[in-house]
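Listed below are the residues making up each chain.
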Amino acid sequence: MSTDVGTRRTHRLDSGSRKAASAGRRAGRGSLTHPARTGLLLVTPAVLFVGVFVLVPLAFAVVISLTNWPLIGTVKFSGLKNYTAIASDAAFAKSVLYTLLYTVLVTGPILVLGYALAVLVRRKRRGATLLRTVFFLPFVVGLSTLSFVTVLEAQPDSGAINIVLRKLGITDGTTAWLVDGPLATGLICVLVIWGVSGLTMMLLMAGMQAIPREFYESSELDGATWWQQEREITIPVLRRTIAMCVIISVVGSLLAFTQFYILTRGGPGTDTTTVVQYIYNRAFVQLQLGAATALSIVLVIVVGLVTAAQFWLLREKD
């Protein structure tokens, strides 16, 4: 008898628990604080932003790339003609090769100089804060402003660059930097390396300061030199940060436009025309917006593939 009573009581408790749980689920589904609904509300603005400002323009760009779409005139559907024409576009191929050359010339020096500056200012010593500000200031000023200043300072006879070089006895002070392809490329590379290294310095310095001091003290007790500490401790720990700096530099170089447009306009001729400059000319000088959009889509795909390849090559290996 007692067993039957206990069993019935247990069934009543289980039934009550199930009813409470069911009521809780119903209340949860109707609550504004339910995790699923709250999460949906939180991500909706981001989804709308991406849809309106990324996906819709991208889809519209694909449509434009399949037409002739002149800025002035009648729009006509051309299919894949704009894409097939890229393979035979010698001027575009030349701009690609020049952009790759420019990327190779600036990426290494930016990383090396940024690392050297980070080593110089990573410790808390007198004047370190001032040096950080001085080294980072060109990046804050921006390439646009630096490029306009360089236009003035690179003028023959009157520019500060020629005046300094003449005082040092290196040139006669009449060099026309911006009308010669190799000289203009060299000047732009120096300008970019100087202007962008500050960002690399800040990123690497932040990573260096996060490394525990005990690592270096232990290595000093073992008799490690400064270079051995950098090679065995600093660089391995900063692998991800270094990879990020390289990726930022490469992508920025592949998409370079501002400094070339201000300093040389792609000249003399097309000697300093980058990929983005060439696309700009096709769209707003030659008024071939459909062809320019097709080139832009190809460029986006290539940059995405290059970035993915860098992530894979620079990944941390177990």
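Analysis parameters
Residues numbered from 1 in each chain as written. Predicted model: local features only at pLDDT ≥ 70, side-chain atom pairs only at ≥ 80, totals over all residues. Heavy atoms only, no water. Helix = DSSP H or I, 4+ residues; strand = E, 2+ residues; numbered from the N terminus. Buried < 20%, exposed > 50% of the residue type's maximum accessible area, 1.4 Å probe, protein only. Contact = heavy atoms within 4.5 Å. Areas by Shrake-Rupley, 256 points an atom, 1.4 Å probe, with all protein chains shown as cover. Phe/Tyr/Trp six-rings, centres within 6.5 Å; stacked < 30°, edge-to-face > 60°. Salt bridge = Lys/Arg side-chain N within 4 Å of Asp/Glu carboxyl O.

1. Side note on the overall build of the protein chain
And then number 1: The secondary structure content of the protein chain amounts to 14 helices and 0 strands.
And then number 2: When the helices and strands of the protein chain are listed from N to C terminus, the series reads α-α-α-α-α-α-α-α-α-α-α-α-α-α.
And then number 3: Per-residue burial over the protein chain gives 34% buried out of 318 residues.
And then number 4: In the protein chain, the proportion of contacts linking residues at least 24 apart, taken out of those at least 6 apart, comes to 64%.
And then number 5: Total accessible area on the protein chain stands at roughly 19300 Å², and carbon and sulfur atoms take up 69% of it.

2. Remarks on the packing of aromatic side chains
Remark: the centre distance and the inter-plane angle together describe each pair of aromatic rings, the angle taken between the planes.
And then number 1: Throughout the structure, instances matching the rule amount to 11 aromatic pairs.
And then number 2: Summarising the aromatic geometry, the rings of F136 and F139 are spaced 5.6 Å apart at their centres and angled 35° between planes, so their arrangement reads as tilted. Note that F136 and F139 are positioned in helix α5 (residues 128-141) at a spacing of 3 residues, about one turn of the helix.
And then number 3: A relative accessible area of 23% means that F136 is categorised as partly exposed.
And then number 4: Judged by relative accessible area, which is 35%, F139 ranks as partly exposed.
And then number 5: Residues F257 and Y280 carry aromatic rings whose centres are separated by 5.4 Å and whose planes lie at 50° to one another, so their mutual orientation is tilted. A residue pair is termed long-range when its members are at least 10 positions apart, and F257 in the loop between α11 (239-254) and α12 (258-263) and Y280 in helix α13 (residues 275-284) qualify at 23 residues.

3. Describing the pattern of salt bridges
And then number 1: Under the counting rule described, the total for this entry stands at 5 salt bridges.
And then number 2: R122 is the partner of E230 in a salt bridge, and the nearest nitrogen-oxygen pair spans 2.6 Å. Here E230 is found in helix α10 (residues 226-237), whereas its partner R122 is found in the loop between α4 (90-121) and α5, with 108 residues between them in sequence. The pair formed by E230 and R122 is uniform in burial state, with each residue classed as buried.
And then number 3: Here R213 ties to E220 by a salt bridge, and the two come within 3.4 Å at their closest N and O atoms.

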